[in-house]
Every structure is written in C-alpha cells, then in structure tokens.
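Observations on the three-dimensional arrangement
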Amino acid sequence: MTVAELKNDGKACAMDTAHVSSSRDLRVVIDLIVNGERVIEEVEPNMLLLHFLRDKLKLFGAKESCGEGECGACTVLMNGYAVTSCLVLAVEANGAEILTVEGLSKGNELSILQQEFIFQDALQCGFCTPGMLMSARGLLDKNPNPTDEEIREAMAGNLCRCTGYLQIFDAVKRAAEREREEREE
Amino acid sequence: MSYLCQLENFEYSCCRDYESAYKHVGKPYIRKDAVEKVTGQATYAFDMELPGMLHAKTLHSPYARARIVSIDTSKARALYGVKACLCGKDANTKVGLYMQDKMVFASGETRYQGEVVAAVAATTEAIAERAISLIEVEYEVLEPVINVDQALEAKTLVHPDINTIQHTVGVFFPQPDTNIASLNTSRRGSLVKGFDEADLIVENEFSLPAVAHVPLETHVAIVEADPYTDKIRIWSSAQSPFALRQMMAAAFDVKESDIEVHIPYVGGAFGGKAGIHLEPLVTLLSRAAGGVPVKLRMTREQEFNYMPTRAGMRGRIKSGVTKDGKITATEIVYDWDSGAYADYGVNVGKTAVYGGLGPYDIENASIVSNTIYTNKVFSTAYRGFGHLETLWTVERQTDILSQKLGIDPYEFRMMNMLKPGSKTISEEVITESSGSPCDCLSAVVKEIGWTGRKTQEEREKEWKTGKVRGKGFAMIQKAPAMPANTATSVIMQMVGDGHVNIMMGAVDYGQGALTALAQIAAQELDIPFDMVKVIPQTNTETNPYDWNTVASKLTFMAGNAVIQASRRMVDQLKDVAARALRCSPDVLGHADGYIYKKHMPEIRIAYKDMALGYAYPDGMGIGGPIISHGVCMADGLTNLDPETGKGLPALAWTFGAHAVEIELDVETGNIDVLKVASAFDIGQVINERMVYSQVIGGVMQGIGSAILEGYKFSDNNVLLNPSFTDNKIPTMKDMPFEVVPIYIENPQLNGPYGARGIAEHTMISVPSAIGNALYEATGINFYRLPLTPENVMLGILSGEKDCR
C-alpha cells in the first residue's frame, strides 16, 4: 500500500491522532544539573521527574513501585532534599540540582553509605535500595548526627519488603558515624 | 576490586557471634550482588527496553461477577500508535497450574473485580493508557459469591464447568457441582477413641484475611512472539523460569524448547511471582502486533487488584486433652477463601493436610482442607505456603488449651512435641536428623525470659498504667511443598585463571543463593570465595533445569547439586593431574587451588593450569576444559494417599519457634513489638549474614500479617484498599526494638553440610506468638487477624474475654 492509499484508507482516516499533535505542540526546555553534569532537554509539560530520569536520561536506578509517593523507591535528591520523583514534574526540576543513586559513588569507589549498606546486608532484592540510599543521603546531608528516632522518621517513607529494616537502620547509623569520623580526620 | 577485599574484613554489627567449623561454609561473606544493587547497575525486567518494543496496558473488570454483554474496541483500535487490541473473543487460550480453569481474558463472565477484560499494545504507555479508556464494555452485573459460607452453599457456582475442568488427577480433588476446587484430607488413628480419652474438649474458630505479597517490583513481562516460528521469547520478573517455560508450552501448545525465558534481577517475589501470570497475555499481544516485543508492567493498584494474593482462611479446630496435658485428639477443618482461580491455591490447601497439625505428636487426628472458589482476586503461593495460616489456628488453640488446663504453655507444648520416634499425621517417623522443635522452643523461651503466666491481678494492676506488656511464643514447622519428583541442577565451568562460574536454573531474588552456593563450591574445591561466581541471570536456553524457585529449597537442593558438581570437578582435575604427574588419581589430594601428591605435597599442579587443558613443557596438551554438572533429586518422596494423607511429603522439615514481648497501649490498641527471639533448627549455617537477614525480614513480614495487613472487600466484593495508603505494610517505624536470631544445628543427613531450608519459616507463626502475647497482656483471646489498633480496641471495649 502506498502512502497515498494509506491516507485514503478508511481506517487510517478515522484514526484518532489528536494526542499526537497535542503532545508535540507543547514542549518545554529544561536546564538542570544531574549528578554533577549539566543537562538541557526538551520535555512534555506533564512528564514526571522520575520518567525524565529513566526514559530520557536512561538513569534506571530510581524505580517506580507505586507512582503515588507512598513507597519511596523513586527517591532522588533535589537541591539537597529527598523527594519522591514520581510526584515531581520534570519542569519543576528546571534549574535544580538532582542527585540519583548513580551519582553516589566517588569515582570508582563506593561512598561510605553504599559500603555500609553492603556491610550491614541492608539489601536483598535491591529494588528499594536506590531510594533507601537517597533518603539516607538526604537525611545525613541535612542532619549529620541523627538520633535513632530521626533515622526511623526519615526512612519511614521508604518501603522494603525483604530486609525487615534493621540492617538498613544499622547501615545509616554506622554511615553517619563513619562520615563524622572522616570529617574529623 | 580492591574495595571488595576490604569489605570482607569489615566489621558489621548485626550478627551474633557465630563460629563456623568450616573455611567458607558458615562465614558471613557479603552478598555477591551487593555492589550492583547499591549503584543502580542491577537491571530488572522493569528496567528493560528492547528495540522496537511496544507498551501494553490492560482493562479490568470493575465488578466481582458480571456477564460481559459487549465489548467495543473500535475507538481504541483507531487511535494512532495502537498496534494491537485484544479481548476475550480474540483469545481462547486457557492457562492453569494444577487446574486449567483460567482464560487469559475474562470471557463470557468476569469472576473477580480486577480480572483483565481487554488489553492494548501501543508505541507508548500513554497511548496505550488512552486507548484503554476508549474501550467500551457493557456488563450485566451478577450476584457474586462473596465468602466461603456462600460458596459452600453452592447456590451459585464460580465455575459452572467445575465437573469438567482439567486438573492434576489423584492430587487435587474438585468436588462435583460445588465451589470446592479441591478437597484434601488426612487422618491418623481414631477421633472417636481420642475424644473418648479426653477430659476436656475445646472447639474454636480462627480466621485471617487475604494478604498481598507486595514485591517492590510489580509483575513485569516482555514477550517477543516470533511470527515466523513457534518461538516465544520472554523476559520476566517471574521467580520460576522452568515452570514458566513448561506452562507456556502447555498453554500455547508448542514445544517446551520453543519457549525461551530470561530472568534478570527480580525485585522481590515471595511466591507471588511463581507460576504463570502476565506472560500469556503479553504473548497474545505480541503475536497480534506482528511479533515485536511487548512490555506489560503492573501498576501498584493493579498489583493489589489483579495479581494473586495469599488466600484468606478460616480454621475450625476441635481438640481433646487429658487433665495432665496430653492432646488425645485434634480435628481441623481449613476453609481457604481462594478466590476465582485455583493457581497455587489448591496446592496450599493440599499442603495443609500434612503441615497443618503443628509439630505435635497427636495419635488421633484428622484434617480436612477445602480450597474454595469465590468471586475474589485469586490466591497463590505466599511465603510460608499455608503454614502461617494453619499455625495461627493451631498455635492460638494450643495456647488456649494450656490456659484452660492451667498448665504452663511451654510445659504443655514440650509434653506434646514431635521427638525422635514420634509420627506426623502422614505417619512419617521423626528421627534425630529431622531437627528438634524442642531445642528451638527451649532456646526462645529462655531468651525472652519466660517465667510463667501473669495472674489476672497482675494484669489489672498493670492496666492502670495505660501500657500492658505480654510475652508469648509459638512453634514453626514447614517442609518444602513439592512434587515427589522435584529436581534441580547446576553446571560448573572453570575459567582459564582458575575461577569457577556456576549456572543454576533457579533465581536469586534477594535470598542470597548466589552467595551461599558460591561458598559451598569454594569449600568443596578449596579455592577463595572470590574465585567462584554464580551467574545471577537465569535463562532457560543456557542454564540447567530447576523445578521452581520456591519452598525454601534452593540452598538445600542446589547446594547438594553444587557439592556433586564440585566433587566431579575435582575428579576431572585429578584425572588430568594423574596423567601429567604419571601417577594414580588415588594418590592425589586437592587443596588451596592445587592438585598435589599426598605423600609429596610439593609435587602439585594448579587448577588454573588444567582449567582449559594441561600443556606439557613441549606444548603438547591433554585434558580439556574443566566442566562438570551436579543434580539433586528429591529422594524418597511419595504422593499422599487421597483419603488418609499417608506418604512421605517432606524432603526436610525445618522446625523453629518465635517468642515475643509486646507492649499494648490500652487507650489506642496499638501494639509495639519490643523483642522477638527466633530459633530455627537449620542444621548448618551456610552464610550467617544471609540467615540473619532472612530472620529479620521474615519476622517483619510476619509482624505485617499480625498487626497491619489484610484485604478489605465491600459487600459486593470490590477491593476497598488497593493502595499503600489503605493497605499498609510495615515501615521502619514498625521495626521491633530487638530481634535475636538463634541457630540450632542438629544436622540433616541429606542436606548440604547438614543444612535445612530457612526462608519462609522466619515469617510463620509471628502472628500466633503476638496473639499469645496479647492474651498474656490483656487476658483476652483474639481469634481474627489482623490485630490492628481498631480490632484490638473493639475487642477491649466489648468487655468479652473471647473476641471471635
């Protein structure tokens, strides 16, 4: 079938293509820093930050597990604060500094927090782990000396079905101690 | 790699002191997959993209039971970007695990709210979503079968064709013209005699609702159905690749070898990803779209509504006891509210007839287990495979019996416990090698500081403080539920530098098998742990067969297979070395990566020098690449007698016990779990860190079932809480203050290094222990789960001593 025939084909004529033009017409350019690198991209105005990171930048660390901000698997840092990236629009991140799990290591050396997640066995299936790490990073950046209760409070928005949390709690607590020691050195 | 070595020597605070007798087995090595998982590198089916891939969305029935009058997909099909749109009339593919009772799409009638009615594949998820909204379905709403009581009346049949449903004959027993998908029974001795001998007879009913597995990665499947051949390629979050291959071949009537299943990392499973779920539907979409890959992933709401659950259950138990505390008879009827399709539910029901009596030696016992169809989301395997549910019944009843007799619950249990020489209800004889439930109970009772029951006066005095505390404990028992001919296998290959790669057919979805199996190989071959790699991705095209990654059997069975493969590998190395050293293989030993002459250890050849074939100094070669395989076949198991349940169903029992201390706020009904002591007779610790994590994770999941979780349905069986807002799972704030794992090591003769399975067990009986502790705290017996603040307060305010 030729293009002309396709266009004249009844089915093709009746095709609902409204959504194609509407999403093409509305594009916004955003300019932001992701894991220390500047990123300039064109996005649909309704695109979520999570989908921007995964689908556009191919950073698959942040996961989608509920899409409603209830599980924390998509947590990233935005201007230093832990946010559930499924509740943030990509356009809201314009001008922001974003840190994802891919940006946690220092060169090819794991950060203290990542090391402690390994030592304390704070992961099993690993699906919640990127979000857990980012919530913990957000906490320790704002509060380097958290109390036990502050750790529980900060991490309570991140669900994990495998570990039972104790090891995650221990990892965050121990990472806080080691980071303090490192700062003092 | 340097930091990995550093990791090995690092202190970690979570484990208790544990000394292993072995060089590698028992050591708390870190997880093999840990680095990939803390860096975001680990790829899950959820993350996968294939060239030309389409995205699928599904439309679900809003009614629990309705007749589909018409479906109009014309508007959806006309949407630009839509490549396939299917509904019941386009597909008559039937699927089923043990019973062929399920269509890929609801056809004619919908059987649960959430059942898939139609599906779309389009170039983007957004277009697919929009196309779904354009599908018009006209339903005639019908009266649903809402619970087991209604189902047992059999006025309406969920499956009017129940008399002709194809099923595994001789194992499952659908009852004609009823809603009973399978009726399984077992009995030992004579109930009449047992109740005659009793001084006291106590009857009770216990129940618990359906609960969701909640893997953090929802179900995902990508399928590419080759348009030119029968080949179907699948990338899935499924936990059992080979079972999936077999069921897909049956569903599509193609050869098993035409089905290719690839499993990348899996983001949690807990039984919910066993069996066959999204794959047939996505296959049909791929075929309809000309064979390009199609991806379907469940949203969290769909995961709650559409994907299977743990069944709700009602257990009715009648016990006879003598004054001095001997249980003379137990009669139990388990009714499983198993939902619209049988799936694994019938097998859970079957398991209850041999695993549902508790670890007690009861000479006169009978169990009837009805797996019942209702118009609800269907049930499947869930961590514990029925034992959390049956032990909620048995271990609450055991506690109540000891209350009525005025005997300490610890003494009462010890009196009736299985010991070497006792028989189970299947008349399997317990031996020293079976493990000791008594050792487990003694250990946890000591750890929790049990000194006997509180008096009512003590309770009343404490009540005035606003917070009351209670201690309670409960037994655990579970064996793998598996066919008598279950098998697994591994292939081991030596790399040129002497490293070893192991391929298995099972999947490590977080339990730690990649690490544990590597330790066993390192132990057997006597090479560093870092030199062994178990390939994390499983692929049915290259990996050897495994029945299913379920039943806490992986380390047990694949561990045995690794031992066999390792010993064969050593034999091959010795064979080459014997030729190279011109001696008999009998005089050779192996240690530290070398084959050496036992009487002249300095004469030796490194494994790596033989890994790909040994070369003499003149360049001439002998041997060849070192490759071995190992298998493990379940040994000595039999099908159960359909009437009496006699036979050998259990490859290995793992016994255990939990003891808990809780604090109840008498104003709010909120329960805080202060301490949990958990002992398991696991025979041998393979990796202390992984065992610890299984215990902590399982205990937490058990706490969820105990005090938080449960499906709530409307009067017409619409799920009311399909989100984390209303269907909560525990968070870090629900964490107990202290968990003490205790490992008992009475070796299992047929286990690797004496080890038994330990995974599901850690979750089982946590609700029972908390229920028993709640009685200690309040003097009130609760019979229904979950023990949410609301339910506990309603119980307290009722003023009753029995909250049924």
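Residues numbered from 1 in each chain as written. Chains lettered and ligands numbered in written order. Predicted model: local features only at pLDDT ≥ 70, side-chain atom pairs only at ≥ 80, totals over all residues. Heavy atoms only, no water.

With respect to the overall build of chain B
When helices and strands are counted, chain B shows 19 helices and 33 strands. Projected onto the principal axes, the alpha-carbon positions of chain B cover approximately 90 × 70 × 50 Å. Relative to its 804 residues, chain B shows a buried fraction of 67%. Pairs at least 24 apart in sequence give 78% of the contacts found in chain B among residues at least 6 apart. (Helix = DSSP H or I, 4+ residues; strand = E, 2+ residues; numbered from the N terminus. Buried < 20%, exposed > 50% of the residue type's maximum accessible area, 1.4 Å probe, protein only. Contact = heavy atoms within 4.5 Å.)

Side note on the nonpolar core
Generally speaking, a soluble globular protein has its nonpolar side chains buried in company with each other. With 290 residues, the main nonpolar core has Phe117(A), Ile168(A), Leu441(B) and Ile770(B) as its most contacted residues. Top contributing element to this core by residue count: helix 16 (residues 554–581) of chain B, with 16 residues. Residue contacts for Ile168(A): discarding those within four places in its chain leaves Phe117(A), Ala122(A), Met132(A), Met155(A), Cys160(A), Thr163(A) and Met732(B). Judged by nonpolar contacts, the second largest core, of 22 residues, contains Ile30(A), Ala62(A), Val88(A) and Ala96(A). (Core = buried A, V, L, I, M, F, W, Y, C linked by side-chain atoms within 4.5 Å.)

Focus on the confidence of the model for chain B
Per-chain confidence: chain B averages 96 in pLDDT, with 98% of residues scoring 70 or above. Here residues 1–9 of chain B scores under 50 on pLDDT; set against residues more than four positions off or in separate chains, the count is 14 contacts. (pLDDT = per-residue confidence, 0-100.)

A look at the pattern of salt bridges
All chains considered together, the criterion is met by 56 salt bridges over all chains. Note that Glu49(B) is salt-bridged to Lys58(A), the shortest N-O span being 3.1 Å. Taken together, the residues span two chains, with Glu49(B) in the loop between helix 2 (34–38) and strand 1 (54–60) and Lys58(A) in the loop between helix 4 (49–56) and strand 3 (75–78). For Lys58(A), a relative accessible area of 42% corresponds to the partly exposed category. Among the ionic pairs, Arg453(B) bridges to Asp399(B), the shortest N-O distance being 3.3 Å. Remark: Asp399(B) occurs in helix 11 (residues 387–405) and Arg453(B) occurs in the loop between helix 13 (437–448) and helix 14 (456–463); sequence separation between them is 54 residues. You can call Asp399(B) buried: its relative accessible area is 3%. Taken together, the shared-partner salt bridges connect Glu224(B), Lys231(B), Arg233(B), Glu260(B) and Glu541(B) into one network. (Salt bridge = Lys/Arg side-chain N within 4 Å of Asp/Glu carboxyl O.)

With respect to the packing of aromatic side chains
For the structure shown, the criterion picks out 23 aromatic pairs over all chains. A centroid spacing of 6.4 Å and a plane angle of 85° characterise the contact between Phe206(B) and Trp392(B), whose relative ring orientation is edge-to-face. Placement of the pair is Phe206(B) in strand 10 (residues 200–208) and Trp392(B) in helix 11, with a sequence separation of 186 residues. One aromatic cluster is present, built from ring pairs that chain together Phe127(A), Tyr44(B), Phe46(B) and Tyr265(B). Directly above the ring of Tyr775(B) sits Arg459(B), whose terminal nitrogen or CZ lies 4.9 Å from the centroid. Over the face of the ring belonging to Tyr783(B) we find Arg804(B), whose NZ or CZ atom lies 4.5 Å from the ring centre. (Phe/Tyr/Trp six-rings, centres within 6.5 Å; stacked < 30°, edge-to-face > 60°. Lys NZ or Arg CZ within 6 Å of the ring centre and 35° of its normal.)

Considering the environment of Ser20(B)
Residues and elements named next belong to chain B. Along the chain, Ser20 falls in the loop between helix 1 (2–8) and helix 2. Placed 404 residues apart in sequence, Ser20 and Thr424 show a C-alpha to C-alpha distance of 32 Å. In this structure, Ser20 is in contact with Val25, Gly26, Lys27 and Gln684, ignoring residues within four places of it in sequence.

Focus on the sheet that holds strand 17 (residues 365–372) of chain B
Residues and elements named next belong to chain B. Taking strand neighbours across the sheet as the criterion, the 5 strands line up as 9-17-16-15-10 in an open arrangement whose pairing is mixed. A strand with exactly one partner marks an edge of an open sheet, and here the two such strands are strand 9 (180–188) and strand 10. The average undirected angle you get between the axes of adjacent strands in this sheet is 10°. As paired elements, strand 10 and strand 15 (residues 312–321) share 9 bridges and run antiparallel to each other. Pairing of Glu205 across the sheet is with Arg316, part of strand 15. The sheet strands contacting helix 10 (residues 345–355) are strand 9, strand 16 (327–337) and strand 17, and the helix crosses strand 17 at an angle near 175°. (Pairing = 2+ DSSP bridges. Axes fitted to C-alpha atoms, helices over the stretch in contact; angles between N-to-C directions.)

Section: the sheet that holds strand 3 of chain A
Remark on secondary structure: sheet strands pair via backbone hydrogen bonds, oriented parallel or antiparallel. All names here are of chain A. In space, the 5 strands of this open sheet follow the order 2-1-5-3-4, with mixed pairing throughout. Where the open sheet ends on each side, the last strands, each with one partner, are strand 2 (37–43) and strand 4 (81–84). Averaged over neighbouring strand pairs, the angle between their axes works out to 40° when direction is ignored. Sheet analysis places strand 1 (residues 28–34) next to strand 2, joined by 7 bridges and oriented antiparallel. In the strand pairing of strand 2, Ile33 is matched with Arg38. Sitting on the sheet, helix 4 is in contact with strand 1, strand 2, strand 3 and strand 5 (97–99), with an inclination near 105° to strand 2. Helix 6 (residues 129–142) contacts strand 3, strand 4 and strand 5 of the sheet and is inclined by roughly 35° relative to strand 3.

Here we look at the environment of Asp258(B)
Residues and elements named next belong to chain B. Note that Asp258 resides in the loop between helix 7 (241–252) and strand 13 (259–263). The spatial distance from the C-alpha of Asp258 to the C-alpha of Met415 is 56 Å, given a sequence separation of 157 residues. If we ignore the near neighbours within four places in the chain, the residues touching Asp258 are Asp230, Lys231 and Ile232.

Section: the domain arrangement of chain A
All names here are of chain A. Here the domain parsing of chain A yields domain 1 (27–103) and domain 2 (112–184). On a C-alpha basis, the centres of domain 1 and domain 2 stand 21 Å from each other. Summed over both partners, the interface of domain 1 with domain 2 buries about 1200 Å², with 67% contributed by carbon and sulfur atoms. For the interface between domain 1 and domain 2, the tally reads 3 residue pairs in polar contact (both at pLDDT 80 or more). For the side of domain 1 that touches domain 2, the secondary structure elements donating two or more residues are strand 3 and strand 4. In terms of residue count, strand 3 provides more of the side of domain 1 that touches domain 2 than any other element does, 3 residues in total. Class assignment of the residues belonging to the side of domain 1 that touches domain 2 gives a composition of 8 nonpolar, 7 polar and 3 charged. (Domains from an automatic or database assignment. Buried area = accessible area lost by both parts, 1.4 Å probe. Polar contact = N/O pair within 3.5 Å; in protein donor to acceptor, adjacent residues only side chain to side chain. Nonpolar A, V, L, I, M, F, W, Y, C, P; charged D, E, K, R; others polar.)

With respect to the interface of chain A and chain B
The interface is formed by 60 residues belonging to chain A together with 66 residues belonging to chain B. Together, the buried faces of chain A and chain B total about 5300 Å²; carbon and sulfur atoms form 62% of this surface. Joining chain A to chain B, the criterion identifies 7 salt bridges. Breaking the side of chain A that touches chain B down by element, the ones donating at least two residues are helix 2 (10–14), helix 3 (18–25), helix 5 (112–119), helix 6, helix 7 (148–155) and helix 8 (166–184) of chain A. A per-element tally of the side of chain A that touches chain B places helix 8 of chain A first, with 7 residues.

Some details on helix 15 (residues 513–525) of chain B
Residues and elements named next belong to chain B. Given a rise of 1.5 Å per residue, 13 residues ought to cover 18 Å, and the 18 Å separating the end C-alpha atoms of helix 15 matches this to within 8%. Burial runs high along helix 15: 13 of the 13 residues are buried. Just downstream of helix 15, Asp526 is the residue with a positive phi angle, here 55°. (Expected span 1.5 Å × (residues − 1).)

Description of helix 13 of chain B
Residues and elements named next belong to chain B. End to end, helix 13 covers 17 Å across 12 residues, agreeing with the expected 16 Å (1.5 Å per residue, within 8%). Residues of helix 13 that are buried: Pro437, Cys438, Cys440, Leu441, Ala443, Val444, Val445 and Ile448. Those residues of helix 13 that are buried lie in contact with helix 12 (409–416), strand 18 (467–478), strand 29 (654–665), strand 30 (671–681) and strand 31 (738–744). Downstream of helix 13 by one or two residues, Gly449 has phi in the positive range, about 75°.

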